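The primary structure of each chain is shown beneath.
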Amino acid sequence: MLVGPGDDAAVLRAPDGRVVVTTDLLIEGRHFRRDWSSGYDIGRKAAAQNLADVAAMGAVPTGIVVGLGAPADTGLDWLDALTDGFRDECAEAGASVVGGDMSRSDIVVLGVTAFGDLGGRAPVTRSGARPGDVVAVTGRLGHAAAGLALLEAGRADDPGGPWRPALVDAHRRPRPPYRRGPEAAGLGATAMIDVSDGLVQDLGHIAEASRVAIAIDPAALPVPGSLAEAAAELGADPLEWVLTGGDDHALAATFPREVRLPSGWTIIGEVAEGEGVQVAGRRVSQGGWDHFRL
Ligand SMILES: Nc1ncnc2c1ncn2[C@@H]1O[C@H](COP(=O)(O)OP(=O)(O)O)[C@@H](O)[C@H]1O
Ligand SMILES: Cc1ncc(C[n+]2csc(CCOP(=O)(O)OP(=O)(O)O)c2C)c(N)n1
Ligand SMILES: [Mg+2]
Ligand SMILES: [Mg+2]
Ligand SMILES: [Mg+2]
């Protein structure tokens, strides 16, 4: 064991190198609803959630195995679509489905395990952030939360606004920036995490593991017009989606200040001595999704 429990993935020593491995469970009703997402969407999302954890170690995803429980009356078309979703999302990340298992169950349950290759680089853990580093993100933030809010409000299919289907689609199919993980490792990232539970909560994991404080400048956070439009319609705060929304699987990383970040990365804050996450100078408690509150 080179990296054990507590990070986005573990790293194991193998006779001919190292292997990155991670697993996540997706439960109908908690992580997806079959009346909100197609089988294809659910396959893509279940793969993405795991492949993003591999990328967050700075590794390239190689393969996944899928455990599936489904009710006896699940249609073959639905299962075919699920399989297609797994295949296509893996292809997106450069990986493939290499096995699995299935059984009958009262609801749909997916247990996915993903593997990755570090390509000779050191893994980027949650624990390496140092005071003086900058904090940067790449990928979408708050989009899936906005899409979920539209679905919950029954406004997903209302007419008007190209932003509406785009945000609902973000809930159904996250698009993690897989290649940015190894890129960050190559640039010398000191810590990294994928944002599954919300930016504040997930940066909190880096702060805790690294024994540092993280300060975010909310003015630096990307709040696109689509989020503002949806928030205006629902009477919500788009910044809250960006700060606490999960499911987009953006990557958040810390870098030594002198690193020149390629376009696509946005610097949103800095690492300091201390503990916890501050937004605009105020310490915020853990907003976001955690397993036991769901
Ligand atoms: N039941 C468990 N037993 C052992 N380790 C666990 C368990 N649940 C989560 N972990 C570990 O805790 C860490 C964080 O898990 P999780 O919150 O699911 O992270 P992520 O959001 O990256 O999927 C991971 O290293 C994971 O392996
Ligand atoms: C039907 C439905 N309700 C709510 C959500 C939002 N949601 C559920 S779990 C979760 C956080 C991620 O899930 P978790 O099990 O914590 O995954 P991990 O952090 O291990 O990747 C979010 C944002 C959703 N995706 N679908
Ligand atoms: Mg993760
Ligand atoms: Mg997990
Ligand atoms: Mg989580």
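Residues numbered from 1 in each chain as written. Chains lettered and ligands numbered in written order. Predicted model: local features only at pLDDT ≥ 70, side-chain atom pairs only at ≥ 80, totals over all residues. Heavy atoms only, no water.

As annotated in an unreviewed UniProt entry, the chain carries the name Thiamine-monophosphate kinase and comes from Thermobispora bispora. As its UniProt record puts it under Pathway (unreviewed entry), the chain is described as follows: "Cofactor biosynthesis; thiamine diphosphate biosynthesis; thiamine diphosphate from thiamine phosphate: step 1/1." Listed under Catalytic activity (unreviewed entry) in UniProt, the entry text for the chain is "thiamine phosphate + ATP = thiamine diphosphate + ADP". (UniProt positions renumbered as here; feature names shortened; annotations may be inferred.)

**Q** Looking at this structure, I do not really get the pairing of strand β1 (residues 10-14). What am I missing?
**A** Sheet faces and side chains relate simply in a regular strand, where the side chains alternate between the two faces. Sheet topology places β1 next to strand β2 (residues 17-27); five bridges connect them, and they run antiparallel. What sits directly across from Val11, in β2, is Val20. The antiparallel pairing of β1 with β2 creates a hairpin that spans two residues between the two strands. (Pairing = 2+ DSSP bridges. Helix = DSSP H or I, 4+ residues; strand = E, 2+ residues; numbered from the N terminus.)

**Q** In this structure, what is going on with helix α4 (residues 163-172)? I would like to understand it.
**A** Because each turn of an α-helix spans 3.6 residues, side chains separated by three or four positions in sequence point in the same direction. Of all the residues in α4, the buried ones are Trp163, Arg164, Leu167, Val168, Ala170 and His171. Down the axis of α4, the buried side of the element spans an arc of 150°, and every buried residue falls inside it. Turning to α4, the residues buried within the fold contact α1 (39-55), α3 (143-152) and α7 (225-234). (Buried < 20%, exposed > 50% of the residue type's maximum accessible area, 1.4 Å probe, protein only. Arc of directions from axis to C-beta. Contact = heavy atoms within 4.5 Å.)

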